[in-house]
Amino acid sequence: FVIVYGVLSKTKLFGSSNFIYSLIALILALFFILSPLARQYTLVTTPRLVVFLVSTFFILFIIGFVHGGLEDIMKNPRVAQVTLVLLLLIFLFSGIHVFGPSLAPLLPGGNETGLNPATIQFKDFIFHPSILGVIILFVIAALVAWAINK
């Protein structure tokens, strides 16, 4: 609750209404308390995140001790990019670990026993080669439009 409320109030995402921030934070806190998958995701992600942060701290400590300072290293945008990619990988692998068994039947080649027939039809529709081709074309078009307008 405190972390979500702090992030929302710091970023001013929804204006300056503290009521909205506390309501959103409370709803997310209740979701993580009541949902077993969200709780398990938190329990899987937290140790990996702590190991990453402690390792990063010690690596930066050693580099700062040997190099004499961290100012030029911290100003390098590559350091932020690598850190962000590593954090995203931690969250992705934790999500695969937690949600993988429940999502496996929805992927191609998954065991479809017990699934709703409408879900099976939707899965077959989405993973049809022509639909996947259209999705890939849309992604490429979006990337090209973004690169042109950048």
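Definitions and limits used
Residues numbered from 1 in each chain as written. Predicted model: local features only at pLDDT ≥ 70, side-chain atom pairs only at ≥ 80, totals over all residues. Heavy atoms only, no water. Helix = DSSP H or I, 4+ residues; strand = E, 2+ residues; numbered from the N terminus. Buried < 20%, exposed > 50% of the residue type's maximum accessible area, 1.4 Å probe, protein only. Contact = heavy atoms within 4.5 Å. Areas by Shrake-Rupley, 256 points an atom, 1.4 Å probe, with all protein chains shown as cover. Lys, Arg positive; Asp, Glu negative; His and termini not counted. Charge placed at Lys NZ, Arg CZ, Asp CG, Glu CD. Polar contact = N/O pair within 3.5 Å; in protein donor to acceptor, adjacent residues only side chain to side chain. Phe/Tyr/Trp six-rings, centres within 6.5 Å; stacked < 30°, edge-to-face > 60°. pLDDT = per-residue confidence, 0-100. Patch = residues over 30% accessible without salt bridge, like charges linked within 9 Å, V, L, I, M, F, W, Y side chains within 5 Å. Salt bridge = Lys/Arg side-chain N within 4 Å of Asp/Glu carboxyl O.

1. Notes on the overall build of the chain
In step 1: What the chain contains, in helices and strands, is seven helices and zero strands.
In step 2: In the chain, which comprises 150 residues, the share counted as buried stands at 13%.
In step 3: A separation threshold of at least 6 residues defines the contact pool for the chain, and within that pool the share at least 24 residues apart is 39%.
In step 4: Working note: accessible area of the chain is about 11700 Å², and carbon and sulfur atoms make up 77% of it.
In step 5: Of the charged side chains in the chain, 8 are positive and 4 negative; the average position of the first set lies 10 Å away from that of the second.

2. Quick word on the side chain of S94
In step 1: By the secondary structure assignment, S94 is in helix α5 (residues 77–103).
In step 2: A polar atom in the side chain of S94 sits 3.5 Å from the side chain of T45.

3. Examining the packing of aromatic side chains
In step 1: For the coordinates displayed, the defined rule picks out five aromatic pairs.
In step 2: When the centroid spacing of 5.4 Å and the interplanar angle of 65° are considered together, the rings of F57 and F58 count as edge-to-face.
In step 3: Clustering of aromatic rings is evident, with ring pairs tying together F1, Y5 and Y21.

4. Here's the deal with the confidence of the model for the chain
Interpretation of this model should avoid reading the predicted coordinates in detail wherever pLDDT is low.
In step 1: When pLDDT is averaged across the chain, the result is 80; 91% of the residues are at 70 or more.
In step 2: Taken element by element, the predicted model of the chain shows its lowest mean pLDDT in helix α4 (residues 71–74) (72) and its highest in helix α1 (residues 2–11) (85).

5. What to know about the environment of N18
In step 1: Assignment of secondary structure puts N18 in helix α2 (residues 18–34).
In step 2: Judged by relative accessible area, which is 47%, N18 ranks as partly exposed.
In step 3: Each C-alpha atom of the pair N18 and L8 lies 9.1 Å from the other, and the pair is ten residues apart in sequence.

6. Points about a nonpolar patch on the surface
In step 1: Together, V50, V54, F57, F58, F61, I62, F65 and V66 line one region of the surface with nonpolar side chains, adding up to about 900 Å² of accessible area.
In step 2: Position of F65 among the secondary structure elements: in helix α3 (residues 36–67).

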